[in-house]
Amino acid sequence: MDDDVWPEVAGWEQKWVLAASRVGHINYIPPSYERYSPRRPMTAMNLGVGAVVGGMAMAQTTEALACVGYMDTRFGRYGHEHSDFSIRFLRAGFGGVRCPVEDGIHNRFYLLDSGIKLLDAVSSASHEYLENNGKLLNELQKEPIYRAPWYNDEEMRGFFRNE
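In this text the structure is predicted, and so the values were computed from the model without any measurement.

Counting its regular elements, the chain contains five helices and seven strands. Overall, the chain shows an N-to-C arrangement of helices and strands of β-α-β-β-β-α-α-β-β-β-α-α. Over its C-alpha trace the chain gives a radius of gyration of 16 Å, about what one expects of a compact globule, namely 15 Å for 163 residues. Dimensions of the chain along its principal axes, counting C-alpha atoms only, are 45 × 40 × 35 Å. In the chain, buried positions account for 38% of the 163 residues. Intrachain contacts of the chain at a sequence separation of at least 6 include 72% that bridge at least 24 residues. For the chain, the exposed area adds up to about 9600 Å²; of that, 53% sits on carbon and sulfur atoms.

A separate point is a nonpolar patch on the surface. A cluster of nonpolar side chains, namely Tyr-70, Tyr-146, Phe-159 and Phe-160, defines an oily patch on the protein surface of about 450 Å² accessible area. Along the chain, Phe-160 falls in helix H5 (residues 153-160). Given a relative accessible area of 60%, Phe-160 falls into the exposed group.

The subject of this paragraph is unusual backbone geometry. With an omega of 0 degrees, the peptide bond between Arg-40 and Pro-41 qualifies as cis. Assignment of secondary structure puts Pro-41 in the loop between strand S2 (25-28) and strand S3 (48-50).

Side chains that differ in sign of charge can pair as their charged atoms come close. Taken as a whole, this structure holds seven salt bridges when the rule is applied. Between Arg-74 and Asp-72 there is a salt bridge whose closest N-O contact spans 2.8 Å. With relative accessibility at 32%, the residue Arg-74 sits in the partly exposed group. Between Lys-135 and Glu-131 there is a salt bridge, with its nearest N and O atoms 3.7 Å apart. You can see Lys-135 and its partner Glu-131 sitting in helix H4 (residues 127-140), four residues apart, about one turn around the helix. Judged by relative accessible area, which is 38%, Glu-131 ranks as partly exposed.

Before going further, it helps to spend a moment on the pairing of strand S6 (residues 104-112). For S2 and S6, the ladder comprises two bridges, and the chain directions are parallel. What sits directly across from Tyr-28, in S6, is Leu-112. Bridge analysis of S3 against S6 gives three bridges, and the strand direction is antiparallel. Each bridged residue has a counterpart across the sheet, and for Gly-50 the counterpart in S6 is Phe-109. With six bridges connecting them, strand S5 (residues 96-101) and S6 associate as antiparallel partners. When the bridges of S6 are listed, Arg-98 appears paired with Asn-107. Between S5 and S6, which pair antiparallel one after the other, the connecting turn spans two residues.

Between its terminal C-alpha atoms helix H1 (residues 12-23) stretches 18 Å, which fits the 16 Å expected from 12 residues at 1.5 Å a residue. Trp-12, Trp-16, Ala-19, Ala-20 and Val-23 are the residues of H1 that are buried. The buried side chains of H1 occupy one side of the element, clustering within an arc of 95 degrees when seen end-on. Counted as exposed and oriented over 90 degrees from the buried face of H1: Gln-14 and Val-17. Those residues of H1 that are buried are in contact with strand S1 (5-7), S2, strand S4 (58-60), S6 and strand S7 (116-118).

Rules used in this analysis
- Residues numbered from 1 in each chain as written.
- Predicted model: local features only at pLDDT ≥ 70, side-chain atom pairs only at ≥ 80, totals over all residues.
- Heavy atoms only, no water.
- Helix = DSSP H or I, 4+ residues; strand = E, 2+ residues; numbered from the N terminus.
- Rg over C-alpha atoms; globule rule 2.2 N^0.38 Å.
- Buried < 20%, exposed > 50% of the residue type's maximum accessible area, 1.4 Å probe, protein only.
- Contact = heavy atoms within 4.5 Å.
- Areas by Shrake-Rupley, 256 points an atom, 1.4 Å probe, with all protein chains shown as cover.
- Patch = residues over 30% accessible without salt bridge, like charges linked within 9 Å, V, L, I, M, F, W, Y side chains within 5 Å.
- Salt bridge = Lys/Arg side-chain N within 4 Å of Asp/Glu carboxyl O.
- Pairing = 2+ DSSP bridges.
- Expected span 1.5 Å × (residues − 1).
- Arc of directions from axis to C-beta.

Put into structure tokens, the structure is as follows:
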């Protein structure tokens, strides 16, 4: 859960645990993504299905996480790291469906909007980060699903120093 997402009700996490236990991986999509989102409310027993994830909050089972590994550190500061993470869950058979179509594969993610809200926050977004990370997202689809927590000795040392 990103720092700009806030629980609205006590026990909100129970709905997320239930949804994740049903499908392995679940994403939040805020009301501001209305044009991309299905009907609301999206509950643990009546999930939404959509083509876009916001990445502000997600939940997954330990089984699904063991198949997918860590978020990819190559994304750096902003943009598409949550998409890559969620697509890898789909590729591993969790959190949605992959639909073959003439021009490739269309991803459809399971979505939940129960018990949390997105707060107004200053974004660290930049066009340059989004563009570079969008290219990286496409390149990474050819790689294996699992990601280690680091890619070299420097990242490993930073990981253990908790940087």
